[in-house]
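# Observations on chain architecture
Below, each chain spelled out in residue letters.
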Amino acid sequence: MAKMASDTKAKRSAKDAAGGQGEVKKSKAAAGKAKGTGGKGSTGKKAAKAEMKAAAIAATEKAARPDALGTVATTTAENPPQEEDLAVATVRKVAMEGAKTRSEHDLLGDGEVPADALWGIHTKRAVANFPITGVSVGHYPELVRALALVKQAAARSNHRLGYLPKVKAKIIEEACILVATDPAYAESFVVDAIQGGAGTSTNMNANEVIANVGLRLMGKAPGDYAALHPNDDVNMAQSTNDAYPTALRLAVIFATQPLVKALDDLAYAFKSKAVEFADVLKMGRTQLQDAVPMTLGQEFDGFHATIKEDVARLTEIVGLFREVNLGATAIGTGINADPRYAALAVEELSRLSGQPMVLASNLIEATSDLGAFVLFSGVLKRVAVKLSKICNDLRLLSSGPRTGFGEIRLPAVQAGSSIMPGKVNPVIPEVVNQVAYMVIGHDLTVTLCAEGGQLQLNAFEPTIGYCVLSSLRMLTAAIDTLTKRCIDGIEADRERCRSLVQGSIGLVTALAPTLGYEASSRIARRALKENRAVADLVLEEGLLTEAQLNGLLELEAMTHPTRRQKAGTVV
């Protein structure tokens, strides 16, 4: 396929260059005409020469223009937008002017499509209709793969039931395998991820790409749908309303796997630091005020535990997406499908994807309900909230370096200021905070979209897919970055931690069971007022001997349960 694309591009470039030479010849002829009419005067010669130079430059630029499938069209005063230019997901444009095209037909009539495009007229109209986010369906490889697997499962099932001829079924399968495994095909999924129509544009984009890849495998040109049709063959026994939701659920399963791994890696990194910092005594804080002593290892072990909880919740909730409505067709009644098709298609999808998928017990309910996405998005929000809180803690604990907490040092990954030399900022926790805020916002959007459905279908599933898949992608990247560029390199300032403990009035809490609440309160007030150490005041007032005091202020005594009854049993 790479050779075919290279050959096609070479031929196209040669043609464009030839066209450019033609433009130069035309400009020379025009210049000659200008010269003839202008006589032998210097003014006519200069005008003709200037015209020739301008035409040659224009021809060269045209010859260097990228091919129609990947053209980035720049709009300027000299290069106004062409009415026939096709915006692709906002940020790109397919330049139709001067490109070799093929004609396709749909409900609205005829339309021109770039000759070598793997997408067709339905995709072209969708691209024109939805220049919304600049993020195309192809941005999510898990969704592209899932769409191809759904189409492959459908082709296998239709062939087994005797509806799809063996030759067509084989070609569709081969095309689906290419689309599912070769990232290059994602570039042909050009429809914006957010779209009207409940995902119809995405489904048709997939149908057209698979059909045209299949036609190439058959040695035919894209668009020769008499041999292999996007609707009649690739979309046989399907509707957008069962194919797209099934693919989206499978895509979420695929995209959750790297997130779970990233969380596991982060939890392991926190556990490693918990072991490394097990003997680092520090002050715990509540409401940003001194509380009681703890170890830095205990603090990091808490981070480990909370992340492991989220791994368990994600693994549990993602299982809801294994129930799909493939075979429901339009609204859940299975119209246009064989009664045996639904069970067979889900069986094939399970085999192809390696995921244990099951058919929903009520296909009408399954076609309209998006409750699984609401629950799953809520878990992603929970992950985001916890991550953000941890990053807040890391930024506080590393604040300083001289005037803040300064208990830990984060790895210095870049200079922190364009005006303050030597300043280093906690940029990795900061970026994770921002990702968390995005995920939290996506969760609200998912909730509103799920609620906004009407009757037998929810038209807002594309935005749900965009939010959930974006959250999964961003969280995975942010967690990987946090682990590798921050947590792994954290260092403890042991002396700073110990000095803060020794100077804190929070030590008095460890003495309260022995001294009593009133005496402990008096010592605390004196320590705060006189800016003195608690231990010094206790010795000064003769409340404890030095040996007793040292025993009560040992690391184990201050950071674990130690109070014991001298006699008696638990009642």
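Please read these numbers as outputs of a predicted model, since none were measured by experiment.

What follows deals with the pairing of strand S4 (residues 109–114). When strand S3 (residues 101–106) meets S4, the two strands line up antiparallel, connected through 6 bridges. Its bridge partner being in S4, Asp106 is matched across the sheet by Gly109. Between S3 and S4, which follow one another and run antiparallel, lie 2 residues.

Quick look at empty space enclosed by the protein now. Think of a ball as big as a water molecule: rolled over the atoms, this probe shows where empty space is left. Under the definition given, this model contains 2 cavities of 30 Å³ or more. Empty space within the largest cavity amounts to approximately 50 Å³. Lining the largest cavity are Val137, Tyr140, Leu143, Ala193, Thr202, Tyr244, Pro462, Gly465, Tyr466 and Leu469. In terms of residue count, helix H14 (residues 461–485) provides more of the lining of the largest cavity than any other element does, 4 residues in total. Roughly 40 Å³ of volume is contained in the second largest cavity. Counting residues per element, the lining of the second largest cavity draws most heavily on helix H13 (residues 427–451), which supplies 3 residues. In the lining of the second largest cavity, the residues fall into 8 nonpolar, 1 polar and 1 charged.

Moving on, we come to the pairing of strand S6 (residues 289–295). Pairing between strand S5 (residues 281–286) and S6: 5 bridges, direction antiparallel. Along S6, the bridge assignment pairs Arg285 with Asp290. The turn linking S5 back onto S6 is made up of 2 residues, and Gln287 within it adopts a positive phi angle of 55°.

The tally for this structure, following the rule as stated, stands at 6 aromatic pairs. With 5.4 Å between their ring centres and 65° between their planes, Phe300 and Phe303 make a pair best called edge-to-face. With a gap of 3 residues between them, Phe300 and Phe303 both fall in helix H9 (residues 296–317), about one helical turn apart. Under the relative-accessibility criterion, Phe300 is labelled buried at 0%. Under the relative-accessibility criterion, Phe303 is labelled buried at 6%. Ring geometry for Phe321 versus Phe376: centroids 5.3 Å apart, planes at 75°, classification edge-to-face.

Moving on to the nonpolar core. Ranked by size, the top nonpolar core spans 116 residues in total, and within it Phe300, Phe376 and Leu482 carry the most contacts. Broken down by element, the residue count for this core peaks at 19 residues, all from helix H8 (residues 240–276). With residues up to four places along the chain from it excluded, the contact list for Phe376 reads Val252, Thr256, Leu314, Ile317, Val318, Phe321, Val468 and Leu472. Counting residues in each nonpolar core, the second largest holds 17 residues, with Leu281, Met283, Val501 and Val538 among its members.

When helix H16 (residues 508–515) is considered as a whole, its buried residues turn out to be Val508, Leu511 and Leu515. Projection of H16 onto a plane perpendicular to its axis shows the buried side chains occupying an angular sector of 60°, all on one side. Structurally, H16 contributes buried residues whose contacts are with helix H17 (517–530), helix H18 (534–540) and helix H19 (546–552). Two residues or fewer past H16, Gly516 is found with a positive phi of approximately 95°.

Take the pattern of salt bridges next. Applying the stated criterion across every chain, the model contains 35 salt bridges. For Asp310, the salt bridge identified is with Lys386, shortest N-O distance 3.3 Å. Here Asp310 is found in helix H9, whereas its partner Lys386 is found in helix H12 (residues 371–397), with 76 residues between them in sequence. When sorted by exposure, Asp310 lands in the same class as Lys386, which is buried. Within the structure, one salt-bridge network assembled from shared partners comprises Arg156, Arg160, Glu173, Glu347, Glu348 and Arg351.

About the cut-offs
- Residues numbered from 1 in each chain as written.
- Predicted model: local features only at pLDDT ≥ 70, side-chain atom pairs only at ≥ 80, totals over all residues.
- Heavy atoms only, no water.
- Pairing = 2+ DSSP bridges.
- Helix = DSSP H or I, 4+ residues; strand = E, 2+ residues; numbered from the N terminus.
- 1 Å grid on protein atoms, 1.4 Å probe; cavity = no way out; pocket = protein on both sides within 12 Å on 5 of 7 lines; lining within 4 Å.
- Points joined across faces, edges and corners; volume = space filled by probe spheres on them.
- Nonpolar A, V, L, I, M, F, W, Y, C, P; charged D, E, K, R; others polar.
- Phe/Tyr/Trp six-rings, centres within 6.5 Å; stacked < 30°, edge-to-face > 60°.
- Buried < 20%, exposed > 50% of the residue type's maximum accessible area, 1.4 Å probe, protein only.
- Core = buried A, V, L, I, M, F, W, Y, C linked by side-chain atoms within 4.5 Å.
- Contact = heavy atoms within 4.5 Å.
- Arc of directions from axis to C-beta.
- Salt bridge = Lys/Arg side-chain N within 4 Å of Asp/Glu carboxyl O.

As far as function goes, none of this settles anything; it's purely spatial.
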